Amino acid sequence: MPDAFDAADPAGEFDFAHRPVTDQSFENALAKARDGARLSVADGVELITTGTDHDGIDRRRKEQVLEAADRRRAEVVGDEVTFVANLNNNVTTACNTGCLFCNFKDRSEQFRSSYQDDHGGFTKTPEESRDIVSDAIDRGIYEVCSVSGLHPALALDAEHLEMLEASDRGDLNYRPASEYDVDPGTYCEQIRAMDVGGVHVHSMTPEEAYHARRGTDWSYEEVFGRLQDAGLDSVPGTAAEILVDEVRDVICPGKIDSGEWLAAMEAAASVGLDTTATIMYGHVENATHRVEHLQKVRDLQDRTGAITEFVPLSFVHAETPLYERGMVSGGASPDEDELMIAVSRLFLDNVDHIQSSWVKYGDAHGLKMLTCGADDFMGTILSEEITKRAGGGYGEFRSFREYTDMITAIGRTPVERSTDYEQRRVVDPDADVVGPELGPRADGTPLLN
């Protein structure tokens, strides 16, 4: 008998049409993975479940999948583990989309000047964003990443703002900035504010791009073109969650559907912007949903070639509506995390870099992912609000010394990188002082004293 054990079935109570049933065998899928053949969805489902011929995850089979993925990682990118000196500067938590997996956002009505109670959220003006980024550049960061709520006053630019103000439609999720204590400006103003000193601006998810064209007939290409002119350098592929609409209808019915997400990402690539891609798993979806998501990302990369990295994000459940309403009892198990990383490496044969998120996994588990197929270990981030507000407890900052010590401890090579991975610098673990050197004002000084 194989050494099998039960794994959580986060989708057990949902009547989804897509179920983890295949006409493939685990052995055939593993053989294809080892040979480097392009995997089908059925192959991926067999690997990510360690076989659909029994319940639970089989330990022996799991190790075979992880071994195949780690070998593929070594073949594709070698033994380097990369990370970037970056800052998170999220502009606002104001949002009324109502995603059930999220506790980062606050109802936008609470931000209006007429609302008297404390809501615990924030909105930054463009001037405040500029000051925050300017300070971080002086400390050596390379990249500023910004992912924000859908504030009703946010418009793409002055022209868009005029169109929204003149519209009599009631379905555009727009209110003038004069109704709020803090004016967030426009998306282009925020991007220009963050585009200081040669920093790389990584911002504007497909969901934000959709918000930035509401009430117009503008294409996504037009939106991303204007943002690029304002200083946008690349686009984060968050807001993907699970790119299967029967899942999105449960966890984020107010969000764009999977087709809109893919259209926005393809448009960003068409104007010359690099992108990333993510998956947020471990909630109500099942194994087939996860692999169908991977197939859509792989197909997108076949069309664009613009995806620099894939980022599996394990659902942090503790303080989210999904958990509070009893729709989930927890998140993914450690074994599911390892298999998600491994199958991402094996399935996405056209994406070189797979990221392990220490914010989601913690240090020890995050390092384990680097032996399951991942080769990137995120960034310093300096501020992390989204996971923390969902109940995550793994910190908000990672120093270069911590990175260097952890990566060398597992026998791998620490490498500082640029956002697009084109600039790379091997970090000397024996140096007395370890700090960033690739940022526009970086000189090797530690980010924090």
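A brief look at the structure comes next.

Calculation rules
Residues numbered from 1 in each chain as written. Predicted model: local features only at pLDDT ≥ 70, side-chain atom pairs only at ≥ 80, totals over all residues. Heavy atoms only, no water. Helix = DSSP H or I, 4+ residues; strand = E, 2+ residues; numbered from the N terminus. Rg over C-alpha atoms; globule rule 2.2 N^0.38 Å. Buried < 20%, exposed > 50% of the residue type's maximum accessible area, 1.4 Å probe, protein only. Contact = heavy atoms within 4.5 Å. Lys, Arg positive; Asp, Glu negative; His and termini not counted. Charge placed at Lys NZ, Arg CZ, Asp CG, Glu CD. Patch = residues over 30% accessible without salt bridge, like charges linked within 9 Å, V, L, I, M, F, W, Y side chains within 5 Å. Areas by Shrake-Rupley, 256 points an atom, 1.4 Å probe, with all protein chains shown as cover. Salt bridge = Lys/Arg side-chain N within 4 Å of Asp/Glu carboxyl O. Phe/Tyr/Trp six-rings, centres within 6.5 Å; stacked < 30°, edge-to-face > 60°. Axes fitted to C-alpha atoms, helices over the stretch in contact; angles between N-to-C directions. Parallel < 35°, antiparallel > 145°, perpendicular 65-115°, else oblique. Left-handed = near helix turned anticlockwise from the far one by under 90°. Nonpolar A, V, L, I, M, F, W, Y, C, P; charged D, E, K, R; others polar. Expected span 1.5 Å × (residues − 1). Arc of directions from axis to C-beta. Pairing = 2+ DSSP bridges. Polar contact = N/O pair within 3.5 Å; in protein donor to acceptor, adjacent residues only side chain to side chain.

## Here we look at the overall build of the protein
Move 1: The number of helices and strands found in the protein is 17 helices and 13 strands.
Move 2: Relative to its length of 449 residues, the protein is compact, with a C-alpha radius of gyration of 22 Å against a globular reference of 22 Å.
Move 3: Counting only C-alpha atoms, the protein reaches 70 × 55 × 40 Å along its principal axes.
Move 4: Within the protein, buried positions represent 59% of all 449 residues.
Move 5: In the protein, the proportion of contacts linking residues at least 24 apart, taken out of those at least 6 apart, comes to 74%.
Move 6: Distance between charge centres in the protein, computed from 42 positive and 84 negative side chains, equals 2 Å.

## Here's the deal with a negative patch on the surface
Move 1: Among the surface-exposed residues, Glu127, Glu128, Asp131, Asp183 and Glu189 lie close enough to one another that they form a single negatively charged patch.
Move 2: Among the elements that make up the negative patch, the one with the highest residue count is helix α4 (residues 126-138) (three residues).
Move 3: As for its position among the elements, Glu189 is in helix α6 (residues 187-194).
Move 4: Taking the relative accessible area as the measure of exposure, Glu189 reaches 36% and is therefore partly exposed.

## A few points about helix α17 (residues 400-409)
Move 1: What α17 keeps buried is the set Phe400, Tyr403, Thr404, Met406 and Ile407.
Move 2: Looking one or two residues past α17, Gly411 carries a phi angle of roughly 80 degrees, positive in sign.

## Concerning the packing of aromatic side chains
Two numbers describe a pair of aromatic rings. These are the distance of the centres and the angle of the planes.
Move 1: Inspection of the entire model under this criterion finds four aromatic pairs.
Move 2: Pairing Phe83 with Tyr403 gives two aromatic rings, centres 4.2 Å apart and planes at 10 degrees, and the pair type is stacked. In this pair, Phe83 sits in strand β3 (residues 80-84) while Tyr403 sits in helix α17, placing the two residues 320 residues apart along the sequence.
Move 3: Measuring from centroid to centroid gives 5.8 Å for Phe377 and Tyr403, while their planes differ by 70 degrees, and the two rings are edge-to-face. Linking Phe377 in strand β11 (residues 376-379) with Tyr403 in helix α17, this pair joins segments that are 26 residues apart in sequence.
Move 4: Judged by relative accessible area, which is 0%, Phe377 ranks as buried.
Move 5: One aromatic cluster in this structure is built from Phe83, Phe377, Phe400 and Tyr403.

## Comments concerning the packing of helix α1 (residues 26-35) against helix α3 (residues 59-77)
Move 1: Closest axis-to-axis distance for the α1/α3 pair is 10 Å, and the angle between their directions is 15 degrees. In this view, α1 runs roughly parallel relative to α3, as classed from their interaxial angle. The interaxial crossing formed by α1 with α3 has left-handed handedness. Contact residues: Phe26, Glu27, Leu30, Ala33 and Arg34 in α1; Arg61, Gln64, Val65, Ala68, Arg71 and Arg72 in α3.
Move 2: Split into classes, the residues belonging to the contact of α1 with α3 amount to five nonpolar, one polar and five charged.

## A short note on α4
Move 1: Relative to the 18 Å expected for 13 residues at 1.5 Å per residue, α4 spans 18 Å between its end C-alpha atoms, a close match to the ideal helical length.
Move 2: Of all the residues in α4, the buried ones are Pro126, Ser129, Val133, Ala136 and Ile137. One side of α4 carries all its buried residues, which in axial view fall inside an arc of 100 degrees. Those residues of α4 that are exposed and aimed more than 90 degrees away from the buried face are Glu127, Asp131 and Asp138.
Move 3: Buried residues belonging to α4 abut β4 (86-88), β5 (143-146) and α6.
Move 4: After α4 finishes, the residue Gly140 shows a positive phi value of roughly 115 degrees.

## Points about the pairing of β3
Move 1: Burial of β3 is extensive: four of the five residues sit out of reach of the surface.
Move 2: Summarising the sheet, β3 and strand β12 (residues 413-417) pair through four bridges and their orientation is parallel. By the bridge assignment, Phe83 is partnered in β12 with Glu416.
Move 3: Strand direction decides the pairing type here: β3 and β11, joined by two bridges, are parallel. When the sheet's bridge partners are listed, Thr82 is paired in β11 with Asp376.

## Quick look at unusual backbone geometry
Move 1: Within the chain, Thr50 stands out as a residue other than glycine whose phi angle is a positive 55 degrees.
Move 2: Take Thr50: its relative accessible area is 0%, and that puts it in the buried class.
Move 3: Even without being a glycine, Glu241 presents a positive backbone phi close to 50 degrees.
Move 4: Here Glu241 shows up in the loop between β7 (234-235) and α9 (245-251).
Move 5: Residue class for Glu241 comes out buried when judged on its relative accessible area of 7%.

## Observations concerning the environment of Thr22
Move 1: Along the chain, Thr22 turns up in the loop between β1 (4-5) and α1.
Move 2: Separated by 23 residues in the primary sequence, Thr22 and Val45 place their C-alpha atoms 7.5 Å from one another.
Move 3: Leaving out residues up to four positions away in the same chain, Thr22 has contacts with Ala42, Val45, Glu46 and Thr52.
Move 4: A distance of 3.1 Å separates a polar atom in the side chain of Thr22 from the backbone nitrogen of Gln24.
Move 5: A polar atom in the side chain of Thr22 sits 2.6 Å from the side chain of Glu46.

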